Structure formats: C-alpha cells, structure tokens
Amino acid sequence: MDFLKVFDMLAWFPENISTFGGELDALFAIIYYVSVGIFFLTFGILGYFLVKYRYRPDRRGYNYHGNNIVELTWTILPTILFGAIGLYSDEIWERTKYSKRVPKPDVEILVMGKTFAWMFLYAGADGKFGRNAHNDRSARALISLDNPFGIDSNDVNGDDDFFVENQFKVPVNANIVMRGSSVDVLHSFFLPNMRVKQDVVPGTWMNIWFNSFKPGHYEIACAELCGTGHGGMRGQYDVLSKSEFDKWSDSKNAEMLAAQTPAPTPSADPAEADSTKK
Amino acid sequence: MSTAVTHSSEAEHAEHAHDHGHDHAHHDLPWYRKYVFSTDHKVIAKQFMLASMLFLFVGGAFALFLRWQLAYPGQPVPVIGTLLPSQWVDNTGAIAQDFYYQLVTMHGSIMIFLVIIPLAVGMFGNFCIPLMLGTDDMALPRLNMWSFWLVPPAGVIIMSAFYVDGGYAAAGWTSYPPLSGVINNPTFTVSGQTLWLIAVFLIGFSSIMGAVNYVTTVLNKRAKGMKLFDMPLTIWGLFITAIIITLGTPVLAAAVAMLFMDNFFHTSFFLPDNLIAHTRHGIEAGAGQPVLWQHLFWFYSHPAVYIMILPLMGIVSDVMATFSRKPVYGYKAMVFALAGIAFLGFIVWGHHMFQSGMNPLLGTTFMLSTIVIAVPSSIKVFNWLGTLWRGNIKFTSAMLNALAFVSMFIIGGLSGVFMASAPVDIYIHDTYFIVAHIHYVLFGGSLFGIFAGIYYWYPKMYGKMLNESLGRKHFYWSFAAFNATFFPMHIIGLGGHMRRIHDPSIYEFLKPIEGWNKFVTIAAIILGFSQLFLVINILWSMKYGRKAPRNPWRANTLEWAAPPHPGHGNFDRDIVVYRGPYEFSVEGRELDYWPQWEPGPSISVHHHTVVVETVQESNPFGTH
C-alpha cells in the first residue's frame, strides 16, 4: 500500500524536532483535511453535473438566473469556515512569531548570512556579547569579510566571542534565540526539521527562536534566492544533550583563550576598529 | 430603435457577412498601417496573440531546461545539449550553474510580463471589448496601437541581455534587492538586471495605456440600450482588471524606477549602508531598506495576480453559459465577486512577506484579509457549478478548457489557503509548494482560460473554425500532463525542496523526493510538446479551416452580430441592445438562445425569463 503515500501529503514532511513544529504540522493537517473535503464536494458536484446534464438533443437548458438566498448561503458558510481557520491560525502565529512572545533565551546566538555561507556567533565563556553590529548599530561600519559581525576588538566582553561557519550546535530542550542578519543580500534561514524559516535582511536584525526535543544531526538551507551559489548554501547543525553541548562549548572557549594570549581577537581587524574610535 | 432589423435565421446572417465587411475596410491605407502599425483593435489583438505565443514557447523552453537540471543535475541536456550557446552550458552540455539562475528568472518574467498579461489583458481586452460592446473600435485607437508597440521593444530589450556580460537577469522575477542592485558591479554598468528593469517599465507603461483605453471605452462606447449590467462577464472582468491596472501599475513603475537608480547609479533607496561587496557603492548616502521594495513590488504584483485571472474568470463564465445553454447563475453576484476580489487584492500584498522580516504583527492583518479572499472566490466557483446545473452541456474544446479552468482554480484556490495561514507558511514559504500553487492558478487557471477564449473566439478572429479533434487532443494531453507536472510539486514542496536551487541532490533531507523530480520533468516535457497541437491548429486553420458562420456557437453576445471576419469598423448594421447577455433556453421561444440585439418583449418571473406578447406598464413583475 506504499503508493497510497501519494495521497497522504502529511507523510512527506521531514521529521519534526521542534516544540512548536507539531502545532504547525497539525494546523497544516486541519487545513489539508478541510481542503480534501471541499475538493471532493466540489469535484463530486462538478462530475455529477457533467455526466447528468451532458448534451441530449431532445433536452433544453433551464432558464434560471440565480437565487439570492442560495448566494447568501454560499457567501456566509465559507466566511465562517475560512474565518475560523484564520483566527485559529493567528493564535499560533502570535505564539511562534510575535517579537514580544520570543521566550527568554537559554542560549543566544547571532547568525549572519553571506554569499554563500552561514556564520554563527556565540557569546563565549562570559555569556556576554561584546560590542558588535547587533547591539550597536554604529558598529556596522566594522563589518568586513573577516569580521562579519562587526565585533569591536576594544570591548573586552567580546574577547571570548567565537564564531563557527556553516554549522552550529545547540543543547536539547533549551530555548535557543537567534538574532539574524546578512552582510550582503537577502538570505532565508531555513531549518526544515525545526520548522524554522526567517529571511535575514542586511541592516536589520530578525528574531529566530526554537526549542528542540530531539538530539541529532540535521541540515541548514537557504530559502531565498541569493545569487549563483544559492542552492549550495548548505550547512549542518547538531542538537546535543546538555552535557555534550557544555563539553563542546568548553572546548571552544579554551580554544579562544589559547588564541588570545599572543594577540587580542584575531577575528577583528584592529586597524579598521581604531579608525572608528570616538 | 424601431428601425433595427430583426434577423432570426442563421443563414441570413452569413449571407451578409462578406459584402458588409468590405464596405468598412479602408482600402486606401498602406500595408504597414493595415498589418503593422494598425489602429484596428482586432489587428492589435492578433499582434498581441502572435507576439505572446512566441514568448510562450521561449518561456516554456526555459522551463524545460531548468526542469532537466533539477531532475538530472549536472547531466548534459539531451539531444541539443552541445548545440546550446557556450554561455548556457558547460563543455559537456550540462546547464551552467549561473545560467540556471537566469533560467529561473527569465522563465518567470517572460511568462508573467510577456505571456499571461499580454494574452489575458492585451489580446482579449482588445478583441472583446469593442465587439462585445457593439461598437466600431476603442475610444482611443492610436493609444491602443502604442500599447502594443511598447511590448516588442520590451521583449527585445529583456532578451538582449544574452549579449551582455553576465547574461540575463538572475535575481528572480521578483527581483529582490540587494541582489537585484547587482552591488558588485561598478556604477553605470548595464547588466541583465538593468535591461530587465527597463523592459518591465515599458511593459507597465503599455499596460497603463491599454487600461485607460479599456475603462474609457467601456464607460463611453457601449451600444445603444446597453446598461452596465447588460455587459457580458468577460467585459466586467476586463473592465475591473483595467481599473486594477490603472491603480496598481504606476506603483510598480515608481518602484522599478527607484530600483533602476540603485542598480545603475548606486543610490540607496533599497540598499542599506555598509554592504559587503567587491566594490563599494558610488553613493553611501543613506540606509535604504530592502524590504521596502517588497512592499512596493507586491502592492502591484499581488493585484497583478488578479490582473492575470479576472479577465479569464469572465471569459470562462461566458463560455460555460453558452455551452450549457443556460444563463450564468447569479450574474450580479459574479460581478460583485469580481469587484470584491479586485478590492481585497489591494490589501493582501503582505502575505508574500510573512517571513520577510516585516513586523509579525502585520502578518496577522494580512493573514486575515487574505483568507477573506477565499469567500468571493468560492462564490464564483459555486456560481459556475450553478451554471452547469440543469444545463445541456456540450463538450467543445472551448468548454473543456473552461471546465479545466474551474477545476484547476479550485485546487489552486485551496492550496492558497495553506499559504494564507501564516504559521503554515513558515514551513512551506519559498518551497515547491508555492511553485505548485502559482502554476495551478496561472497555468491551470489563466492559461487554460486563455485556451478556452482562443477556441471560443478564433472563428470571429480569422473567419475560420478551428479543428475540433486537434483541439480535443490538445486539451486532453495538456490537462493530463499539466496535473502530472504540477500536482507532485505539492509533495516536493512538503519534502522541503526550496525554490530556485540548482541542485537538490546535495541535501540529505531532499533524498526521498528525488524520484518525484524526475517524474515531474518527464511530465513537463510532454506538457511542453503537447502545445504543438495548438500551434498547428491555429496555423493550419488560418488557411484550411472550415469557413465560420456568423454565430457558430449560437451565443447571445454582440460580437456574434458582426460578420464572420469583421473588417475595420466591425458591424454591418446598427446595434441596439434589448436584454442581458445570457438569455438561453427562454420559455416560449423556439430557439434556445436569444441574442442581445434581437428585439422582443419579455418579463422576469421568479428569476426566469418568459416571452410575452407585450409588456404592460402595470405588469406586477416589471419588465426585464
């Protein structure tokens, strides 16, 4: 009965690993079943009429111009049906996307799209970001290919901020809040399994959040046309258990510490940073 | 009014055909005024048809190239791979990666700006409006001529990017900046994108000129006795579309002009400061907002979706009434639904932008307004079903295509509800689900509607009947291949397949749908080649087709009062309108149709039209 899968749209979704993903998929299912119902209703009527009223030389059509009560019925019923779908959807939309409803972050990460890669900035050992293009708009002037987040090397809070490219790791069962932007053109941060999609726009920061209940290894994609490498803008991410995540971030922190001892912040260009000092 | 001649027999009509047509023809015009720079609305309609059909095949060929790459990434294009220009393919004959993104862009742009809009609005608007209003020509014939003659230059300009460094535009048909700003180019560089902007500006200009003309003609040049609610739904569709165009297209023109300046002079309407590019902007003046372009673009382009479908909704209503021998069910409800869709079309543009970074609060607004559009759409669908009810349905090629329009519009409309629901859109936005949706509405809807219109009016256009058996073959092959091509795209989209990627095989999560991509590509190739039936039919019938009678479908609307192949000036008699356009199967009449131009008293009793001897002032039901 494998071919029946063709008619079961819901079977084609990639596995959901996000806490709100189940709700989105369920809403999809509701609309899907309503649509299938309407489909069979209208196509049933259509097919029945086409067969029953097919041309017969001895018959005539029926001169009838319509009826306002009937018109009103099929105006009001769809209004109620679709209105209900709209209002119910809005409830979920508010919970997943409204800026005020973004949960308190357990881990905060900055994500930056560039042609054609994703970059992720972690706050490091102190759990605090230094001055960068996200928390200070004027730091946008520091953005360069070597320093995509516009990190100010003079801010000590930023000394332990580290970034990774085309991959990130997050702990399971934790609220991950990302602030996303881009250094050049539009990209769209797409985590298919996490049911997350958000365009990132240069010059603006977007809230992206999720909470995953299932550890594993998954893929990142770009969903907004961004140039000739758009299709290849693939990354990967891991959802790790709490202890594994801590182990990974500790090792990253140690790496940063080791790198700092000879020269401060290799990730920022000191010459450019100095020129903007007030 | 009393002097109007009443003809009731077909034969009599046909006799008059040729002599009268020639009376009006202007023999003194030189050939280039007759066939090239003609002000005759019918010639202009044919010009729109031929030019757009040409582009239909260019756009279709581009679609097949990109389908090939998606199903068989990196494999040489079969048969013609090595013959293609070196900018398009690598040396093995496989599609070059940068050309793939040009294909995506040009397929969309050509199909929307140079095929569907010119066919739906340019061709049918020009052909139907004066004829169905019973008048000799448009109100402003010379403006009409110019509205066509801006399209070929636009087509040449957009295609001439072949000779430009970097090739065709590659930022998608939506041309979102900063990508469409082509920020890596120095200022004053003409890129494919620059040419795209110029071409779209010209096409917009052509649309506006056409639309102003349509509104003027409908309001001023209706035949004597024709009230607005005596107009066929085709005219209502085109009239409302023309209003949308006059309100929406100037916004697109303004946005395109601004993007052109960003692209060519590197201003910053849409480009934020401190972008990383190989060359810095010429002017680092301000902090532009890329999302602003999306607002302006969709403020036009969402109504443009209705520009592309409202005329066809009208045409399909007319075709369905004629071939079911029944009045359109709920004529006024149909008009109000058209107007409702047009109005709502202007307040829903944000549903293209749920994930764009627009304030999610606006998502709520746009989601609710978008979902309301389902209401007038379902009114239309139910009224079409009501039109079939107790009819006497004849399955001609035109009718088959009209039925395809209705059924595919139902599917396209339902898949629209998924995207209208913003939380569901989070996942399916920018996936193949939306590609499936747009093709169900624009191909399954608009293009099948256009086919229906071509099959329906071809006899009046060329004075020859189209070949029915070729027409049916064209329909059955197209319909089957269409569904095989686009229905699986819903599944591909749910698998997560992003739009506009050149190689799905590199993603693990897209492995389960690989087979579907191949299936779709094979179906698309069949779909493309089944259009040859239409082309052969059109060209063959032009010369060898059976001669068309004056009113081959026994329809009611005024264009069938004109000679089979009307000359300049259209009509060979005075036209006076006595009734609405859909008086089929009236009780008490021998014929099952009652043309608008034939006099005769009737009354309306409980939504039925009844023939009477004389209409009395005191009739309790009033005159029709």
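These figures come from a predicted structure and were not determined experimentally. (Residues numbered from 1 in each chain as written. Chains lettered and ligands numbered in written order. Predicted model: local features only at pLDDT ≥ 70, side-chain atom pairs only at ≥ 80, totals over all residues.)

(A) Geometry of the overall build of chain B. Counting its secondary structure elements, chain B contains 18 helices and two strands. Scaling as 2.2 N^0.38, a compact globule of 624 residues should have a C-alpha radius of gyration of about 25 Å, and chain B matches this with 25 Å. Projected onto the principal axes, the alpha-carbon positions of chain B cover approximately 80 × 55 × 50 Å. The 624 residues of chain B split such that 62% are buried. The long-range fraction of contacts in chain B, counting pairs at least 24 apart against all pairs at least 6 apart in sequence, stands at 79%. (Helix = DSSP H or I, 4+ residues; strand = E, 2+ residues; numbered from the N terminus. Rg over C-alpha atoms; globule rule 2.2 N^0.38 Å. Buried ≥ 20, exposed ≤ 12 C-beta atoms within 10 Å, placed from the backbone. Contact = placed C-beta atoms within 7 Å.)

(B) Focus on the overall build of chain A. Helices and strands together make up the secondary structure of chain A, namely four helices and ten strands. Ordering the α and β elements of chain A from the N terminus gives α-α-β-β-β-β-β-β-β-β-β-β-α-α. Computed over the C-alpha atoms, the radius of gyration of chain A is 26 Å, more than 25% above the 19 Å expected from 2.2 N^0.38 for a compact globule of 278 residues. Considering only C-alpha atoms, chain A reaches an extent of 100 × 45 × 35 Å along its principal axes. Evaluated residue by residue, chain A yields a buried proportion of 41% over its 278 residues. Of all intrachain contacts in chain A linking residues separated by at least 6 positions in sequence, the fraction that spans at least 24 positions is 71%.

(C) Structural view of the sheet that holds strand β2 (residues 117-122) of chain A. Residues and elements named next belong to chain A. Taken together, the five strands give an open sheet; going across it, the order is β3-β2-β1-β5-β8, and neighbouring strands pair in mixed fashion. Only two strands of the sheet have a single neighbouring strand rather than two, namely β3 (162-165) and β8 (206-210). Each adjacent strand pair in this sheet contributes to an overall mean axis angle of 25°, direction not counted. By the bridge criterion, seven bridges tie strand β1 (residues 107-114) to strand β5 (residues 176-182) in an arrangement that is parallel. Note on β5: the bridge partner recorded for Glu108 is Val177. (Pairing = 2+ DSSP bridges. Axes fitted to C-alpha atoms, helices over the stretch in contact; angles between N-to-C directions.)

(D) Looking closely at the sheet that holds strand β6 (residues 187-191) of chain A. All names here are of chain A. Across the sheet, which stays open at both edges, the five strands sit in the order β4-β10-β9-β6-β7 with mixed pairing between neighbours. If you trace the sheet from one side to the other, it starts and ends with β4 (167-171) and β7 (196-200), each paired once. Each strand of the sheet is rotated relative to its neighbour by a mean of 20°, with strand direction disregarded. Sheet analysis places β4 next to strand β10 (residues 235-240), joined by five bridges and oriented parallel. Across the sheet, Phe168 pairs through a bridge with Tyr237, a residue of β10.

(E) Highlighting the interface of chain B and chain A. Taken together, the contact pairs 85 residues of chain B with 80 residues of chain A. Elements supplying a minimum of two residues to the side of chain B that touches chain A: α4 (97-133), α9 (290-307), α11 (331-345), α12 (360-388), α13 (397-420), α14 (422-428), α16 (468-494) and β2 (608-611) of chain B. For the side of chain B that touches chain A, the leading source of residues is α12(B), giving 16 residues. Its residues assigned to classes, the side of chain B that touches chain A comprises 48 nonpolar, 25 polar and twelve charged. (Nonpolar A, V, L, I, M, F, W, Y, C, P; charged D, E, K, R; others polar.)

(F) Spotlight on the pairing of β2(A). Residue and element names in this part refer to chain A. Bridging between β1 and β2 involves six bridges; their strand directions are antiparallel. Paired with Leu110 across the two strands is Leu121, which belongs to β2. The turn joining β1 and β2, which pair antiparallel and follow one another in sequence, is formed by two residues. Note: β2 against β3, four bridges, orientation antiparallel. Residue Phe120 lies in a different strand from β3, and its bridge partner there is Val164.

(G) Here's a closer look at the packing of helix α2 (residues 68-97) of chain A against α12(B). Relative orientation of the contacting elements α2(A) and α12(B) amounts to 160°, with a least axis distance of 9 Å. Relative to α12(B), the element α2(A) lies roughly antiparallel. Here α2(A) and α12(B) pass one another in a crossing that is right-handed. Along its contact with α2(A), which presents Trp74(A), Thr75(A), Pro78(A), Thr79(A), Phe82(A), Ile85(A), Gly86(A), Ser89(A), Asp90(A), Trp93(A) and Lys97(A), the element α12(B) presents Pro360(B), Gly363(B), Thr364(B), Met367(B), Leu368(B), Ile371(B), Ala374(B), Val375(B), Ser378(B), Ile379(B) and Phe382(B). Partitioned by chemical class, the residues of the contact of α2(A) with α12(B) number 13 nonpolar, seven polar and two charged. (Parallel < 35°, antiparallel > 145°, perpendicular 65-115°, else oblique. Left-handed = near helix turned anticlockwise from the far one by under 90°.)

(H) Seen up close, the domain arrangement of chain A. Each assigned domain of chain A is listed here: domain 1 (2-100) and domain 2 (104-275). Summarising the inter-unit geometry, the C-alpha centres of domain 1 of chain A and domain 2 of chain A are found 41 Å apart. (Domains from an automatic or database assignment.)

(I) Structural context of unusual backbone geometry. For the bond from Thr115(A) to Phe116(A), the omega torsion is 0°, close enough to zero to count as cis. Considering the arrangement of structural elements, one finds Phe116(A) in the loop between β1 and β2. Look at the link from Pro177(B) to Pro178(B): it is a cis peptide, with omega at 0°. In this fold, Pro178(B) is placed in the loop between α6 (151-159) and α7 (192-220). For Arg195(A), which is not glycine, the phi dihedral falls at a positive 55°. Residue position: Arg195(A) is located in the loop between β6 and β7. Of note in this structure, Val79(B) is not a glycine but carries a positive phi near 65°. Assignment of secondary structure puts Val79(B) in the loop between α3 (41-71) and α4.

(J) Inspection of the environment of Leu292(B) at higher detail. Relative to the elements of secondary structure, Leu292(B) occurs in helix α9. The spacing of Leu292(B) and Lys394(B) is 102 residues in sequence and 50 Å in space, taken between C-alpha atoms.

(K) Region of the structure containing α13(B). An ideal rise of 1.5 Å per residue puts 34 Å on 24 residues; α13(B) measures up with 34 Å between its terminal C-alpha atoms. Taken across its 24 residues, α13(B) has 24 buried, putting it largely inside the fold. (Expected span 1.5 Å × (residues − 1).)

(L) Layout of the confidence of the model for chain A. All names here are of chain A. Averaged over chain A, the pLDDT score is 90; the fraction of residues at 70 or greater is 92%. Within chain A, β6 carries the highest mean pLDDT (97), whereas helix α4 (residues 270-275) carries the lowest (44). When the criterion is pLDDT under 50, residues 268-278 qualifies, and its contacts beyond four places in sequence or with other chains add up to 17 contacts. (pLDDT = per-residue confidence, 0-100.)

(M) Up close: the packing of helix α15 (residues 432-462) of chain B against α16(B). All names here are of chain B. α16 packs onto α15 with a crossing angle of 165° between their chain directions and a minimal axis gap of 7 Å. With respect to α16, the axis of α15 lies roughly antiparallel. As for how α15 packs across α16, the hand of that crossing is left-handed. Counting all contacts with α15, which are made through Tyr432, Phe433, Ile434, Val435, Ala436, His439, Tyr440, Phe443, Gly444 and Tyr455, the residues of α16 involved are Gly471, Phe482, Phe486, Met489, His490, Ile492, Gly493 and Leu494. Split by residue class, the contact of α15 with α16 holds 13 nonpolar, five polar and no charged.

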